[in-house]
Amino acid sequence: PGYTTEMIHIFLATELIAARLQGDIDEFIEMERVPLSQALEMIESGTITDGKTIIGLLRVASRLKS
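Scope of this entry: the structure provided in the associated data block. (Residues numbered from 1 in each chain as written. Predicted model: local features only at pLDDT ≥ 70, side-chain atom pairs only at ≥ 80, totals over all residues. Heavy atoms only, no water.)

### So, the environment of His-9
Now for step 1: Note on placement: His-9 falls in the segment before helix 1 (36-45).
Now for step 2: The exposure class assigned to His-9 is exposed, which follows from its relative accessible area of 56%.
Now for step 3: In the structure, His-9 is positioned 28 residues away from Ser-37 in sequence and 23 Å away in space, judged by C-alpha atoms. (Helix = DSSP H or I, 4+ residues; strand = E, 2+ residues; numbered from the N terminus. Buried < 20%, exposed > 50% of the residue type's maximum accessible area, 1.4 Å probe, protein only.)

Here's what the structure looks like:
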């Protein structure tokens, strides 16, 4: 996105209910729950490197501090 006009929206979803949906035949998604504190450590250690993910996690952490 660094050279385009693409816009990315990040949402914080709350009060979610677990549900299984049928994925595409070539789709392999594995969900892993991680406490926010651990996710922030994963940013610091370089385990999480995706910019969109980092921004989302830091925004949530900032919101929870307030």
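### A short note on a nonpolar patch on the surface
Now for step 1: Taken together, the side chains of Ile-8, Ile-10 and Ile-55 present a nonpolar region at the surface, about 270 Å² in accessible area.
Now for step 2: Here Ile-10 is to be found in the segment before helix 1. (Patch = residues over 30% accessible without salt bridge, like charges linked within 9 Å, V, L, I, M, F, W, Y side chains within 5 Å. Areas by Shrake-Rupley, 256 points an atom, 1.4 Å probe, with all protein chains shown as cover. Salt bridge = Lys/Arg side-chain N within 4 Å of Asp/Glu carboxyl O.)

### As for unusual backbone geometry
Now for step 1: Of note in this structure, Glu-15 is not a glycine but carries a positive phi near 55°.
Now for step 2: Turning to its location among the elements, Glu-15 is positioned in the segment before helix 1.

### A look at helix 2 (residues 51-65)
Now for step 1: The terminal C-alpha atoms of helix 2 lie 21 Å apart, and with 15 residues this matches the ideal 21 Å at 1.5 Å per residue to within 8%.
Now for step 2: By the burial criterion, the buried members of helix 2 are Ile-54, Gly-56, Leu-57 and Ala-61. Each buried residue of helix 2 sits inside an arc of 165° when the element is viewed along its axis, so together they form one side. The exposed residues of helix 2 that point more than 90 degrees off its buried face are Arg-59 and Arg-63.
Now for step 3: Where helix 2 is buried, its residues contact helix 1. (Expected span 1.5 Å × (residues − 1). Arc of directions from axis to C-beta. Contact = heavy atoms within 4.5 Å.)

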